Amino acid sequence: MFKISDFSKLSQVSMRTLRYYDEIGLLKPVQVDPTTGYRYYSIDQLPRLNRILAFKDLGFELSQIVQLLDEEVPPAQIRGMLRLKQIELQQRVQAEQERLARVESRLKQIEMDDAKPTHEVAIKKIKPQIVASSRKVVANSTQRHQLANEMLDFLQRQGVKQVDHLLYIEQDGGYHEDDTSGIEIAVPVHSSSVGNIVEQSGGKITVRELPGVNTMATLLHHGSPDTMMEAYQALGMWLQVNDYTITGHCRKVCLQREGDFESYITEIQFPVEKRDSSNTSKSSFFFGQQTRQGHGVGTPKG
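Residues numbered from 1 in each chain as written. Predicted model: local features only at pLDDT ≥ 70, side-chain atom pairs only at ≥ 80, totals over all residues. Heavy atoms only, no water.

Comments concerning the overall build of the chain
Thought 1: Scanning the chain from N- to C-terminus turns up nine helices and twelve strands.
Thought 2: For the chain, the residues scored as buried account for 41% of the 302 residues in total.
Thought 3: Across the chain, every contact between residues at least 6 apart in sequence was considered, and the portion connecting residues at least 24 apart equals 68%.
Thought 4: As presented, the chain carries roughly 17,700 Å² of accessible surface, and 51% of it is formed by carbon and sulfur atoms. (Helix = DSSP H or I, 4+ residues; strand = E, 2+ residues; numbered from the N terminus. Buried < 20%, exposed > 50% of the residue type's maximum accessible area, 1.4 Å probe, protein only. Contact = heavy atoms within 4.5 Å. Areas by Shrake-Rupley, 256 points an atom, 1.4 Å probe, with all protein chains shown as cover.)

Following this line, the structure appears as structure tokens:
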């Protein structure tokens, strides 16, 4: 048998950790001296300790490791737990990648504060369109992209003809407390080809006319949907300088959505009108709400 100090050296695990594993019943010494309280371990305990370290490295909580080692969990259940851990880690990596993109965008914005503006705002008149529509609550750009692809695949299988670029429209209520957002995925389609897709989709997809807009402020964003802050800021400055007010929800037209997010080209659209004394108060409130909630002009969610 080995004293705890020697077992610590052999296993490369601190004595403090070994004592804690003893306290929670994860790895108990084979013997404890009743007089001195010294803990003694056997070399045969190293395989169990190695398994503990392996599960810990995979991200499992100690309580889960106790269950895995002591409750004779069947292989099928272990595989299930590992798959759940795999999904959790993938989501964490994805969230950190999106955070990194936002950091890079912020750095770029700081570096270009004194440079010539890179966004040009244009006013357009947008015609009404017949769209296949699906409303969702999403957590990030990757999920939004996946849902849009699923919808496009479904429409294609049903023989529905797409006639223009897919777009996202912010729903009433905007962003939620859990940082998810309500959006409408809209695909412009040929009305004669829609058939009975509402019934075939189980009501998940509807068909409606997307209203036209006489005065739409637009600008292009090149890159990930998660790095639109600079574009929104440029649009906000333009609206302020040119005395326009926002009159409706943001539309994001996906002009290019193939490849990775950095190759995306998105046209950001806001319906606007010239400000006058009768709507100044309303406009200021709307703009402030958008900014505080982290969407629309100000600090967008992409």
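Some details on helix H2 (residues 15-23)
Thought 1: Those residues of H2 that fall on the buried side of the exposure criterion are Leu-18, Tyr-21 and Asp-22. Each buried residue of H2 lies within a common arc of 105 degrees when the element is viewed along its axis, so the set occupies one face. Exposed side of H2, more than 90 degrees from the buried face: Arg-16 and Glu-23 are the residues found there.
Thought 2: Those residues of H2 hidden inside the fold are in contact with helix H1 (4-11), strand S3 (39-41), helix H3 (46-57) and helix H4 (62-70).
Thought 3: Directly beyond the C-terminal end of H2, a positive phi value near 80 degrees is found at Gly-25. (Arc of directions from axis to C-beta.)

Quick notes on the sheet that holds strand S1 (residues 2-3)
Thought 1: Read across the sheet, three strands follow the order S1-S3-S2 without closing on themselves; strand pairing throughout is antiparallel. Each edge of the open sheet is held by one strand with a lone partner, namely S1 and strand S2 (31-32).
Thought 2: Two elements, S1 and S3, share two bridges in a ladder whose sense is antiparallel. Residue Lys-3 lies in a different strand from S3, and its bridge partner there is Tyr-40. (Pairing = 2+ DSSP bridges.)

As for the packing of aromatic side chains
Thought 1: Scanning all chains against the criterion turns up four aromatic pairs.
Thought 2: Arranged with centres 6.3 Å apart and planes meeting at 80 degrees, the rings of Tyr-232 and Phe-270 form a pair that is edge-to-face. Taken together, the residues span a long stretch of sequence, with Tyr-232 in helix H8 (residues 229-242) and Phe-270 in strand S12 (residues 265-274) at a distance of 38 residues.
Thought 3: On the basis of relative accessible area, Phe-270 is assigned to the buried category, the value being 0%.
Thought 4: Ring geometry for Trp-238 versus Tyr-244: centroids 5.1 Å apart, planes at 20 degrees, classification stacked.
Thought 5: We note Arg-144 situated over the ring of Tyr-168; from NZ or CZ to the ring centre the distance is 5.3 Å. (Phe/Tyr/Trp six-rings, centres within 6.5 Å; stacked < 30°, edge-to-face > 60°. Lys NZ or Arg CZ within 6 Å of the ring centre and 35° of its normal.)

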